Amino acid sequence: MLDSLSEKLQHSLGKLRGSGRIRDEDLDSTLRDIRVAMLEADVHFKVVRDFLDTIRNRVRGVELISSIAPGQQIAAAVHEALIDSLGKDSHSIKQESDGPTRILIVGPKGSGKTTLCGRIALYFKERGLKPHLISTDFERVAASEQLQALANTLDVPCYVENIESTSSEVAERGLLAARENNADVIIVDSSGIVDFTDERADALAELADVVDPTELLFVVDSMMGQEAVNLAGAMDEALEGTGIVVTKLDSDARGGSLLSVKSVTGLPIKFITVGEELSALEEFHPERFASRLLGMGDVASLVEKAKKSAPEIDSKKVAKKMRDGTIDLEDFLEHIEQIKNMGSLSGLMDMIPGASGLKSQIGSVEFNDNEFKRREGIIRSMTPFERKNPDAINGSRRKRIAKGSGVGASDVNKLLNEFKQSKMLMQAMAGGSGKVGNSMLRKLGLGG
């Protein structure tokens, strides 16, 4: 997530670590590096200017604390300035206390708007509510079919009409159907914007009048850069929105729109999307995101993802199996599935304090999401007996497993060796109160 900007910010601040005294020229040099990094990430130039002024004023306006390294204090000032730019407080979705919550999604064509409707429906369904989708997009080919397909996947109702009509008329009938279905949350998809003309603004305003949304969310496509931010500003002037959703943050986009949109529109960021799965929707927490960006991790979000991906895990049973050394490939497969449910491995590493920098230092195999899919394919090609008794996998079994999973026998050997090492490490950790002895580290090739 914003890997390039994150690496450059961390590199700039890293130059100051260990410095006993920060001279003005050191601060100027660091701020210059940060300025270049943010502009290259397509952050709005006014946002960059205000951001750097905030840092400079904070650093020069207070006495440096003698017990804390100056570099760390400047890093703290950068962290606070990032939080200011992102909006300080977290803003959850508003919900009606009487009657269904109504959410209208508006954004540019191709921004992931329709998929976002499905993701928000899943978000509320997981919280025990009854979402209902409505399609009012007649401009994009198969837009209604896409929303209906998402609804079928989620097993939630969706209102669509095959005969073209105005968006506001369809919304009116859809709202009636949703209320008759006792929906708790009604999510309305609108036509994607190509050019935000007066005519389009009037049509969306009419749709908003009919829906009377509890939340009017503007989609900002991170791949569009400042163009998306400017469009969000224009939409807000015409429609008076309540929040922003930034999509496609897992892409290779520079992502500066996320750092700009709050300052430009004044609207809070409520969600971000990171990944292709329907579950790849995250509530936005400015402080957590700023910590991720600076390599400080985001343990709170990591714990939330872990609880969500494996809510019924029996930790005592797992601990006993680790101590007894009875972990098998069924457990290994379950572990892989839990990691997949938590999102991309790259995104998870951003949440671990100090681990973000490892992504550029460690080979791509260990931290490639496709590698997990390959391992999963190998294990699924095994029989239940082989998963329970990996030591019984001989040469002929290896060849059959390799053929069934479309890999080479060497790949099967590699997975089995990784499993043995993981098993030994887990047993050592469980048996030694979480501490791995030097002999075990050497046995695993991890120690000196």
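Residues numbered from 1 in each chain as written. Predicted model: local features only at pLDDT ≥ 70, side-chain atom pairs only at ≥ 80, totals over all residues. Heavy atoms only, no water.

(A) A look at the environment of R380. Residue position: R380 is located in helix 16 (residues 369–380). A relative accessible area of 43% places R380 in the partly exposed class. (Helix = DSSP H or I, 4+ residues; strand = E, 2+ residues; numbered from the N terminus. Buried < 20%, exposed > 50% of the residue type's maximum accessible area, 1.4 Å probe, protein only.)

(B) Just the sheet that holds strand 6 (residues 243–247), in detail. As summarised here, the arrangement of the 8 strands in space is 3-2-4-1-5-6-7-8, forming an open sheet in which the pairing is mixed. Every interior strand has two partners, whereas the edge strands, strand 3 (158–159) and strand 8 (281–283), have only one. Two strands pair when backbone bridges link them, and strand 6 and strand 7 (residues 269–273) are joined in this way by 3 bridges, in the parallel orientation. For V246, the partnering residue across the bridge sits in strand 7 and is I272. Contacts from helix 8 (residues 198–211) reach strand 1 (101–106), strand 4 (185–189) and strand 5 (215–221), with the element oriented near 170 degrees to strand 1. Along the sheet, helix 9 (residues 226–239) contacts strand 1, strand 5 and strand 6; its crossing angle with strand 5, the most-contacted strand, is approximately 160 degrees. (Pairing = 2+ DSSP bridges. Contact = heavy atoms within 4.5 Å. Axes fitted to C-alpha atoms, helices over the stretch in contact; angles between N-to-C directions.)

(C) Fine view of the confidence of the model for the protein chain. Per-residue confidence for the protein chain averages 79 on the pLDDT scale, and 73% of its residues sit at or above 70. This model gives residues 63–67 a pLDDT under 50, and the stretch forms 4 contacts once residues within four places in sequence are excluded. This stretch, residues 297–303, has a pLDDT under 50; its non-local contacts, to residues over four places away or in other chains, come to 22 contacts. (pLDDT = per-residue confidence, 0-100.)

(D) Highlighting the side chain of Q226. Relative to the helices and strands, Q226 is located in helix 9. Judged by its relative accessible area of 13%, Q226 is buried. Polar side-chain contacts of Q226 include one of 3.2 Å to the side chain of S260. Not counting residues up to four positions away in its chain, the partners in contact with Q226 are D42, V43, H44, G256, S257 and S260. (Polar contact = N/O pair within 3.5 Å; in protein donor to acceptor, adjacent residues only side chain to side chain.)

(E) Quick look at the pairing of strand 1. For strand 1, the buried fraction is high: 6 of the 6 residues fall into the buried class. Residue alternation in strand 1 divides its side chains into two sets, T101, I103 and I105 and R102, L104 and V106, and both sets are buried. By the bridge criterion, 5 bridges tie strand 1 to strand 4 in an arrangement that is parallel. In the sheet register, R102 faces strand 4, and the bridge partner there is I186. Relative to strand 5, strand 1 is paired through 4 bridges, and the arrangement is parallel. Bridging across to strand 5, I103 finds its partner in E215.

(F) Inspection of the state of the cysteines at higher detail. Summed over all chains, the structure comprises 0 disulfides. The thiol sulfur of C117 is not disulfide-bonded, and the nearest other cysteine sulfur, from C158, lies at 9.1 Å. (Disulfide = S-S within 2.5 Å.)

(G) Representation of the packing of aromatic side chains in the model. This structure, assessed with the given rule, holds 3 aromatic pairs. Taken together, a centroid distance of 5.1 Å and an interplanar angle of 90 degrees make the contact between Y123 and F124 edge-to-face. As far as the burial class goes, Y123 and F124 line up, both buried. Plain terms: the ring middles of Y123 and F271 are 5.0 Å apart, the flat faces sit at 80 degrees to each other, and that makes the pair edge-to-face. One end of the pair, Y123, is in helix 5 (residues 113–125); the other, F271, is in strand 7, and 148 residues separate them in sequence. Accessibility assignment for this pair places Y123 and F271 in one class, buried. (Phe/Tyr/Trp six-rings, centres within 6.5 Å; stacked < 30°, edge-to-face > 60°.)

(H) Looking closely at the pairing of strand 4. Among the 5 residues in strand 4, 5 count as buried, and that is most of the element. Taking every second residue as pointing to the same face, both faces of strand 4 are buried, with V185, I187 and D189 on one and I186 and V188 on the other. As defined by bridge partners, strand 2 (residues 131–135) adjoins strand 4 across 5 bridges and the pair is classed as parallel. Looking across to strand 4, one finds that H132 is bridged to I186.

(I) Focus on the environment of M224. Summarising the element assignment, M224 is placed in the loop between strand 5 and helix 9. The partly exposed category is assigned to M224, whose relative accessible area is 23%. With 182 residues separating them along the chain, M224 and D42 place their C-alpha atoms 9.8 Å apart.

(J) Representation of the packing of helix 7 (residues 167–180) against helix 8 in the model. As a packed pair, helix 7 and helix 8 sit with axes 8 Å apart at the nearest point and diverge in direction by 15 degrees. One way to sum up the angle between helix 7 and helix 8 is to call them roughly parallel. Seen along the crossing, helix 7 lies across helix 8 with a hand that is right-handed. The residues of helix 8 that touch helix 7, namely those facing S167, S168, A171, E172 and L175, are E206, L207, V210 and V211. Class assignment of the residues belonging to the contact of helix 7 with helix 8 gives a composition of 5 nonpolar, 2 polar and 2 charged. (Parallel < 35°, antiparallel > 145°, perpendicular 65-115°, else oblique. Left-handed = near helix turned anticlockwise from the far one by under 90°. Nonpolar A, V, L, I, M, F, W, Y, C, P; charged D, E, K, R; others polar.)

(K) Structural view of the pattern of salt bridges. Counted according to the given criterion, the structure contains 15 salt bridges. Here E215 ties to K270 by a salt bridge, and the two come within 2.6 Å at their closest N and O atoms. Remark: K270 occurs in strand 7 and E215 occurs in strand 5; sequence separation between them is 55 residues. We note that E215, like K270, is buried. Between K248 and D221 there is a salt bridge whose closest N-O contact spans 3.1 Å. Of this pair, K248 sits in the loop between strand 6 and helix 10 (256–265) while D221 sits in strand 5, placing them 27 residues apart in sequence. Look at D221 and you get buried, because its relative accessible area is 4%. Through salt bridges with shared partners, a single network forms among E96, R102 and D212. (Salt bridge = Lys/Arg side-chain N within 4 Å of Asp/Glu carboxyl O.)

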